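What follows is the residue order along each chain.
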Amino acid sequence: RGILGFLGDYVFTHPPHAPLVALTSMLGLLLSAGEAWGPYLLSAGWIVVVLLLGWVALRHSSPWTRTGILVAALALPMFGFVLAEFRPDPVWGLLVGFAVVVAASANALGMGAGRLFALGLLFGLAIVSKPTAAPAAAAVLAAAWMAQVGVSLLMVRARKRAVWASAWVAFGVACVVIPY
């Protein structure tokens, strides 16, 4: 049935306990023709993804500040767990933490539809990265979003814009969570 059959089974028939980690591992095994280095190589990709997301999130900082923060982040023990273990906990923690940071640092009412949708996709990805912790992730992300919208509403009276922004974020979340 090929790769499309595998992905269909993966998403619809037998969804895994840790979908992102399992998908990373399977694609790593496909990449390396069954050798052990493939899953480890793609697990290192999570570190690259977090660093790239951090680079974008810190884009308004000076280059030295941004580089210093990202290099210091590499010293976190969590990154060692991402490489050495195929468990959803480190990836889930990184995604939820990063999503909260992005939600807290964004101007909720000044973002366009595309960025709001992307934020919703990030929220959805964080929620499904560890389905057993989805209620906790959803509660944390909802609290972060409501706090951000609340602060934005204190500064600008734009309730219609807040509802519109929340709808785009919810649509992004639904695009990831509902198929799972």
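Residues numbered from 1 in each chain as written. Predicted model: local features only at pLDDT ≥ 70, side-chain atom pairs only at ≥ 80, totals over all residues. Heavy atoms only, no water.

## What about a nonpolar patch on the surface?
A surface patch of nonpolar side chains, amounting to about 440 Å² of accessible area, comprises Val151, Leu154, Met155 and Val156. Mapping Val151 onto the fold places it in helix α8 (residues 134-155). Its relative accessible area of 40% is what places Val151 among the partly exposed residues. (Patch = residues over 30% accessible without salt bridge, like charges linked within 9 Å, V, L, I, M, F, W, Y side chains within 5 Å. Areas by Shrake-Rupley, 256 points an atom, 1.4 Å probe, with all protein chains shown as cover. Salt bridge = Lys/Arg side-chain N within 4 Å of Asp/Glu carboxyl O. Helix = DSSP H or I, 4+ residues; strand = E, 2+ residues; numbered from the N terminus. Buried < 20%, exposed > 50% of the residue type's maximum accessible area, 1.4 Å probe, protein only.)

## Some details on the side chain of Ser129
Checked against the element boundaries, Ser129 lands in the loop between α7 (113-128) and α8. Here Ser129 falls in the buried class, since its relative accessible area comes to 1%. With residues near it in sequence (within four places) discarded, Ser129 still touches Ala18, Pro19, Leu20, Pro88, Trp92 and Leu95. (Contact = heavy atoms within 4.5 Å.)

## Digging into the environment of Leu41
In this fold, Leu41 is placed in helix α3 (residues 37-57). Sequence separation between Leu41 and Thr24 is 17 residues, and the spatial gap between their C-alpha atoms is 9.4 Å.

## Describing the packing of helix α6 (residues 88-105) against α8
Angle between the axes and distance between the axes are the two parameters that describe a pair of packed helices. Closest axis-to-axis distance for the α6/α8 pair is 9 Å, and the angle between their directions is 10°. By the angle class used here, α6 and α8 are roughly parallel. The residues of α8 that touch α6, namely those facing Trp92, Val96, Ala99, Val100, Ala103 and Ala104, are Ala137, Val140, Leu141, Ala144 and Gln148. (Axes fitted to C-alpha atoms, helices over the stretch in contact; angles between N-to-C directions. Parallel < 35°, antiparallel > 145°, perpendicular 65-115°, else oblique.)

## What to know about the packing of α3 against helix α4 (residues 63-74)
At their nearest, the axes of α3 and α4 sit 10 Å apart, and the two run at 155° to each other. With respect to their mutual orientation, α3 and α4 come out roughly antiparallel. The element α3 and its partner α4 pack so that their crossing is right-handed. Contact residues: α3 offers Ile47, Leu51, Gly54 and Trp55, while α4 offers Arg66, Thr67, Leu70 and Leu74. For the contact of α3 with α4, the class distribution of residues is 5 nonpolar, 2 polar and 1 charged. (Left-handed = near helix turned anticlockwise from the far one by under 90°. Nonpolar A, V, L, I, M, F, W, Y, C, P; charged D, E, K, R; others polar.)

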